[in-house]
Every structure is written in structure tokens, then in C-alpha cells.
Amino acid sequence: MKKILTITLSLIVIASALTGMLRWQTQRRDAMVIETYLLPAPSIKGLNPVLAQRIAKLNKRSVEGPERIDALALLSRIYHANGYLNHAWQSYRILIELDDKNPLWLHRLATIVSGFGQLDDAVVLYQKSIKLDSKYIPTRIHLGDTLLKLNRYDEAKTVFQSILNNEAANSYALFGQARISLAQNDTNRARHLLESARRSNNRIGGDLLADTYERQGETSKARALLHEVTLSSHVNIPDPWVDEIVSDCYDSFEVAMAAGKAGRAGNTAKAIQLLNKSVSLDPLDHNAHNHLAKLYLMQGNLSQARKSYVNCTKILPTFDDAWAGLISIELKSGNHVKASELIDRAIISCPNSPEINNYKGDALMAQNRPQEAIPFFKTTIRYLPQDATGYTYLASAYIKIGQSEKAIEQIRKALKAEPSNPLALKLIIIYYIQTGNQTQAESYLRKAILSPRIPEEVIRIMQTTFNEKFK
């Protein structure tokens, strides 16, 4: 019995020794790979002090520490989050070698590679990541999108369809299939897919669907949809494997970009959180304050929106967007006295701003002072001649003082700048109806009917007015 026990214990000791030796060999191999291929830490000059300290510590732990892989994983994340993409790239390559069963490193490297335009390499990385974890949908969407960019339509279609086989209402896969159909000039299939995508997520595919309606001759449907849609068709799929790294970002611009992505995806609360972080990293970034104000407006939080816009005007008094935002808040709130005060302050700080000059001219028009408004509208045109707005405002001022010929001249200029400008078309149609010029009124009315930018209700009113005059 003692002999058996002795043999058993000996086997245990030998197994433990072998396990220890294998672990030591693995650790030694990991150390050698990291020491050989890890890039030197970037210069700390100008870096956020906390970021510089974290990079230095993690770099040292990656080379010397007992938990090298964990340290390198966090270091790669910090590099990626803060825009050190070459460092992140190399760190991910090391992690792929040492931790080859983890799809995260392949996925994150693929997003960097894709951003550098190396789409074929990105495809390979996404495919390898999917082999390790086929249930993570964002990787498969990214793969489909990348294949689509490479015009590898059949492969892209297979990827998107594999998602739809299990998630028939996945809006991102439906949108991907629709883009393939449009690339292959199959508008009927694209229309069906885009309508399905919007039923699942109405933030996706709107302007592309409107364009499809217009191509199929359904102008009224295109018009109705364009007046509903305010965002681009293409909204990137939320991707936690990449999106979460922003929590380690110390670059205010990168954080603001992440906020923009969250906002486009409809996550306003997350976008506000990220923009507040961006502002804390760079309190003098007027663009971040401006975007934050707009997000607060979307939430209906006028108090915080005002504060953010005021911060903008203090940081950069010549930033007309912030003044315009403040003026708009007061006008919509019915605070016309306060709005008038802001307009006068804004015109001093931004004398050449088309938007502020329009506000000043419009305020004078509201006070029945059109003659005084004219110079402000002319300033708008001088600095923004390619936009119809200044011309239409100036035309309205001329109408008010009875100078119809000058008014129609400005409306024609507006239509030259923007042939489908809704207000200019409306004004010129009304002018020709009132002056009894049926041929011109009918010509412009036809253009308005064909333009998806003009609401159906406005079309109906103009048609009624036209019929009452000429029929």
C-alpha cells in the first residue's frame, strides 16, 4: 500500500513539475515576444499627465510584470482610445499571437486596418474573429460592409443574409442588403428592404429610401419622407467591443467623436455624458460646448442648453452658431425682448455672419422697418451668395415696401442659387398668380410639384390659389 502511495505521489510531483515548466516556458515565450515587438512608448510631451503616467506604467508591466498579457491588453486599449493607432496596431498583433483564442483583438485591429483603407486585410481579420465568436453581430455587419465597399456583392449578401436568417428584423443587415440591391440597380428589392429596415429602426435608410421613391417616380412619397428625415441613412451599428474603449480616452476630440456616434445612434444620454467628458478634458473647446447645447435642446433641457451656448460665446465671441442658438431659444420661448438684446450683441461680435444678419433683418421686419432690414439681408448675400436664404429675405423686404420688380429679381437669384428652394418657388408662383401670368405660374407650379422638398400641404394651397385665379 505504501509503495502504491509513493508511486502516486511521485507522479503528482512530476506532473506538477512539468506543468510548472510549461507555464514558465509560456511566460518566457510571452516575455520574449513582447520585448521584441512592443513599440517604445510615445513621447509624453504635451500628453495629459494621467495618460502619460498610465502608459509608462503599463508599458513597464507589459515587459516586466507577471501579468504581461493583461497589461498589454489594457495598454493596447489606451493606445487605441487615444489615437495612437500605430502603437495599438502593433499591440493587437502581439496579442493575436499570444492570446490567439480571443476574437476581440482581431476585431479591434480590423477596425483600425479598415480605417487606413486596407479593406482586404480587414476582411481577413473580421473573418478570423467570426470563427472564434460567430454570435457577435457587429463583426458580421462590419464584414458585410467591408465586402460591399470592395464590390464583392455576392459575399456581402451572404454575410448579411446569414444574420437575417436568425434575426429577420435586423435593421443593419437589411440596410446592407438594400445597398447591395441599389448597387446592382434593383430598386424594387432595395425599396422593400429599406422599408423593412425603417420599420425596425426609423433612423436608418430614410434619405436613401426617399431617393429610391423619387427614382421610381413617387415624388409625393419622397417629399413626405424627406420632410421627416433629418439624419443620413447610414448609421454605424453600436459596437461595444470598440465603443467601450472611449472610457480610457483623454483626447477631447476623440471623445467628442464618440459622442457624435452615440447621438447618431439615438443614444442622446450617452452622447451628453461623453460630451461633458470632452468638455472637462478641454474646457476651451467651443465646438464641444456647441454640440452639447444642441443635445440638451433635443432633450428639452433649455437651461443647460443656454449655459452651453453662453460658454461658447465666452470662449469664442465670434462663433455665430452659439449666438444663433441662444437667439433661437429665446424666440421659441417667446422672450422677444431678450432675443432682441442677444441679436444686437451678436451683430457686434459677428458683423459678417449671414445667420446673425438674417436674424437682425428679420427682427426689423417684425417691427415693420423693412427699409432698415435691407442692408442686413444684403450683407448675408455678400457673404453667402450661393445660398437662397438671403435673396428670399431681401425679396420679402422689397415686397413690404412695394418694390415688386426688385423682389422678383431677388427671387430669380434665389432660384438660380437653389433651383428647388421651397420658399423661392412659393414666392415666385404667388407673384405670377397675382400678376395674372398663367404661363409662368403654371411652369413654376409644375417644378414645385416635382420637387420633393416642398410639403404636400403647400402644394395643395398653391394649386387651389392657381385654380381660383385661372380656372
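Just so we're clear, the structure is a prediction, and the values are computed from it rather than from any experiment.

Engineer: How would you summarise the overall build of the protein chain if you had to cite specific residues and measurements?
Structural biologist: The helix and strand tally for the protein chain stands at 26 helices and 0 strands. Dimensions of the protein chain, computed from the C-alpha atoms along their principal axes, are close to 120 × 55 × 35 Å. Residue burial in the protein chain is summarised as follows: out of 471 residues, 45% are buried. A fraction of 52% describes how many contacts in the protein chain between residues 6 or more apart in sequence connect residues 24 or more apart. Entry remark: accessible area of the protein chain is about 24700 Å², with carbon and sulfur atoms responsible for 54%. Charge-centre separation for the protein chain: the mean point of 58 positive side chains lies 2 Å from the mean point of 46 negative side chains.

Engineer: Tell me about the nonpolar core, and please be specific about residues and values.
Structural biologist: Within the largest apolar cluster, 62 residues are counted, with the highest numbers of intra-cluster contacts made by Ile55, Leu72, Leu75, Tyr92, Ile94, Ile141 and Leu143. By residue number, the principal contributor to this core is helix α5 (residues 103-115), which donates 7 residues.

Engineer: Report on the side chain of arginine 198, specifying residues and quantitative values.
Structural biologist: Within the secondary structure layout, arginine 198 lies in helix α10 (residues 187-200). Setting aside chain neighbours within four positions, we find arginine 198 in contact with Ile204, Gly205, Gly206, Leu209, Leu225, Glu228 and Val229.

Engineer: Any chance you could break down the environment of isoleucine 204 for me, citing the residues and the numbers?
Structural biologist: Position of isoleucine 204 among the secondary structure elements: in the loop between α10 and α11 (206-215). Of the residues examined, isoleucine 204 reaches a relative accessible area of 1% and is grouped as buried. Residues isoleucine 204 and alanine 265, spaced 61 residues apart in sequence, show a C-alpha to C-alpha distance of 9.1 Å.

Reading the values: the criteria
- Residues numbered from 1 in each chain as written.
- Predicted model: local features only at pLDDT ≥ 70, side-chain atom pairs only at ≥ 80, totals over all residues.
- Heavy atoms only, no water.
- Helix = DSSP H or I, 4+ residues; strand = E, 2+ residues; numbered from the N terminus.
- Buried < 20%, exposed > 50% of the residue type's maximum accessible area, 1.4 Å probe, protein only.
- Contact = heavy atoms within 4.5 Å.
- Areas by Shrake-Rupley, 256 points an atom, 1.4 Å probe, with all protein chains shown as cover.
- Lys, Arg positive; Asp, Glu negative; His and termini not counted.
- Charge placed at Lys NZ, Arg CZ, Asp CG, Glu CD.
- Core = buried A, V, L, I, M, F, W, Y, C linked by side-chain atoms within 4.5 Å.

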